[in-house]
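# Chain and residue survey
Listed below, chain by chain, are the residues.
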Amino acid sequence: MKIDGTHKIDAPREQIFDLLTNPLLLQKCIPGCEKMDNTAENQYAARLSVGVGPIKGVFNATVNLTELRRPDHYALTMEGKGQAGFVKGSGVLDFADDGGATMVHFTGDVNVGGLIASVGQRMIQSVGKMMAERFFVALENEAKAQQKASQAALLSDPPSSL
């Protein structure tokens, strides 16, 4: 299954790139992610609870980030297994400035097998799109929360004048 899209986030590229390489923040943003641990440089172990239609399951996955070019680009591969089947995928994310915001363009290829694949390609594709939209909304909310925290810190501790 091929996935692709573009999402505009009202935050600078550097901040978005940093969020997308932080396992704690990814755990908060990925729908159904119960844990995300850094296991090696640019490698994570994740536990996800996801469902497609009536098929639900827990997947243990390994995610590897490659081709990191901060703040413009990175690629990733993912492989997960669970009682409901398996998921393998790869993708590329590219980041571009858009007047103070960031345009995130993503493309990917996902293969699903086992019981979870029995619900049909069309349903899997629609769930994938819905999860991507939820992910980007959560990511934008995290970026806004960071910006508000930074502004609050500046207001409570203004720089001293010389």
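Residues numbered from 1 in each chain as written. Predicted model: local features only at pLDDT ≥ 70, side-chain atom pairs only at ≥ 80, totals over all residues. Heavy atoms only, no water.

A few words on the overall build of the chain. Scanning the chain from N- to C-terminus turns up three helices and seven strands. Tracing the chain from N to C terminus, the helices and strands come up as β-α-α-β-β-β-β-β-β-α. By the burial criterion, 36% of the 162 residues in the chain qualify as buried. For the chain, the computed accessible surface area is about 9,300 Å², with 54% contributed by carbon and sulfur atoms. Taking the average location of the 16 positive side-chain charges in the chain and that of its 18 negative ones, the two points are 9 Å from each other. (Helix = DSSP H or I, 4+ residues; strand = E, 2+ residues; numbered from the N terminus. Buried < 20%, exposed > 50% of the residue type's maximum accessible area, 1.4 Å probe, protein only. Areas by Shrake-Rupley, 256 points an atom, 1.4 Å probe, with all protein chains shown as cover. Lys, Arg positive; Asp, Glu negative; His and termini not counted. Charge placed at Lys NZ, Arg CZ, Asp CG, Glu CD.)

Take the pattern of salt bridges next. A full pass over the atoms with the stated rule returns eight salt bridges. Note that Lys-2 is salt-bridged to Asp-109, the shortest N-O span being 3.9 Å. Note that Lys-2 is positioned in strand S1 (residues 2-9) and Asp-109 in strand S7 (residues 101-113), a separation of 107 residues in sequence. Classification of Lys-2 as exposed rests on a relative accessible area of 61%. Residue Asp-109 is classed as partly exposed on the basis of its relative accessible area of 27%. For Asp-37, the salt bridge identified is with Lys-35, shortest N-O distance 3.5 Å. (Salt bridge = Lys/Arg side-chain N within 4 Å of Asp/Glu carboxyl O.)

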